[in-house]
Amino acid sequence: MKNQYDVAVIGGGPAGYTAALYAARAGLDVLVLEMLSPGGQMATTPQVDNYPGVGLGADGYTLGESMQQNAEHFGAETAFAEVTALDLRADPKIVTTSDGPVAAGAVILAMGASPRKLGLPGEESHIGRGVSYCATCDGMFYKGKTVAVLGGGNTAAADALVLAKLCEKVYLVHRRDTLRADASYLAPLKAAENIEYVWNAQVTGLEAGDSVTGVQYTDKVSGAAHTLPVDGVFVAIGRAPNTALLEGQLELAPGGYVAAGEDTHTALPGVFAAGDVRTKPLRQIVTAVADGAVAATEAAAWLRSR
């Protein structure tokens, strides 16, 4: 890792490595800063079926490594280091990492967002084995089976509707007695004959061996304990953008996402946001890579204009 680059990309997921690929191919000196491993959230997905060109599916970790190798083939560099501080108003911009500071003419924010978790025993160890956080990503694995969606907001409602078209039965489990989802979801939910509501349910645990077999909950009204037999659990209680470092540096939208449009420009010149970290209607691998390409192209144009 050198001390200065044309572009620093924070995050080594699909958005980050696509940005690095496009920036490197534009002749820029690019550094990708990733704390854990290439692929970001995608790396935890055991099978990716909805990204064009991967055939009948690839595991997310392998796909992430391929994206890293592709970007590095054209000259991008990777440093596995934690970003601990940012000065995005400086010129050049300063990125402080666990391996020391780096200066960059432009910064592309691609830190992603993480699904909010329930914190149940066995939840982490059964991700990909009955626990999922994305119906669009993983719903096909439960075709013809019984699943539970945990939550009551827009994410839970949307996930339940996706799964209702694939699964034999969908339990929509909520801790209150009404949904918080927008009214536009209510009629489609009512029309789905294989969705059953479980109200006033405080989820307390999972039944699982090699994979999930049930959801344990307590009825908040009666106090009775119950178990729903299911093949999978979709946790849909929202996502948390990884933007803690940006507080006080950059305008954040409600929910903590970076306020940036389809051109990926943020409120600060030379700072761009790509992938799940920015405000957008759909957070998928395919939309992340699109953002990465746009962000790198816009960053290159901005650097040339100076």
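A brief structural summary. (Residues numbered from 1 in each chain as written. Predicted model: local features only at pLDDT ≥ 70, side-chain atom pairs only at ≥ 80, totals over all residues. Heavy atoms only, no water.)

## A word on the packing of helix 1 (residues 14-25) against helix 2 (residues 60-73)
Part 1: One way to put it is that helix 1 packs onto helix 2 with a least axis distance of 8 Å and a crossing angle of 15°. Considering their axes alone, helix 1 and helix 2 lie roughly parallel with respect to each other. Judged by the twist between their axes, the crossing of helix 1 over helix 2 is left-handed. Contact residues: helix 1 offers Pro 14, Tyr 17, Ala 20, Leu 21 and Ala 24, while helix 2 offers Met 67, Gln 68, Asn 70 and Ala 71.
Part 2: Of the residues in the contact of helix 1 with helix 2, the class split is seven nonpolar, two polar and no charged. (Axes fitted to C-alpha atoms, helices over the stretch in contact; angles between N-to-C directions. Helix = DSSP H or I, 4+ residues; strand = E, 2+ residues; numbered from the N terminus. Parallel < 35°, antiparallel > 145°, perpendicular 65-115°, else oblique. Left-handed = near helix turned anticlockwise from the far one by under 90°. Contact = heavy atoms within 4.5 Å. Nonpolar A, V, L, I, M, F, W, Y, C, P; charged D, E, K, R; others polar.)

## Focus on the sheet that holds strand 8 (residues 131-132)
Part 1: Reading across from one edge, 8-15-9-10-11 is the order of the five strands in this open sheet, with parallel pairing throughout. Edge strands, defined here as strands with exactly one partner in the open sheet, are strand 8 and strand 11 (195-198).
Part 2: Bridge analysis of strand 9 (residues 146-150) against strand 15 (residues 232-235) gives four bridges, and the strand direction is parallel. Bridged to Ala 148 within strand 15 is Val 233. (Pairing = 2+ DSSP bridges.)

## What about the sheet that holds strand 14 (residues 225-229)?
Part 1: In space, the three strands of this open sheet follow the order 12-13-14, with antiparallel pairing throughout. Each end of this open sheet is capped by a strand with a single partner; those strands are strand 12 (201-208) and strand 14. Pairs of neighbouring strands in the sheet enclose a mean axial angle of 25°, with direction left out of account.
Part 2: Sheet topology note: the strand 12/strand 13 (residues 212-219) ladder contains seven bridges and is antiparallel.

## Considering the pattern of salt bridges
Part 1: Overall, the coordinates contain nine salt bridges when judged by the stated rule.
Part 2: Note that Lys 117 and Glu 124 form a salt bridge whose closest N and O atoms lie 2.9 Å from each other.
Part 3: Residue classification places Glu 124 among the exposed residues on the basis of a relative accessible area of 51%.
Part 4: Note that Arg 239 and Asp 276 form a salt bridge whose closest N and O atoms lie 3.4 Å from each other. With a gap of 37 residues between them, Arg 239 in strand 16 (residues 239-241) and Asp 276 in the loop between strand 17 (271-273) and helix 6 (285-304) connect regions that are remote in the sequence.
Part 5: A network of salt bridges, in which partner residues are shared, links Glu 262, Arg 278, Lys 280 and Asp 291. (Salt bridge = Lys/Arg side-chain N within 4 Å of Asp/Glu carboxyl O. Buried < 20%, exposed > 50% of the residue type's maximum accessible area, 1.4 Å probe, protein only.)

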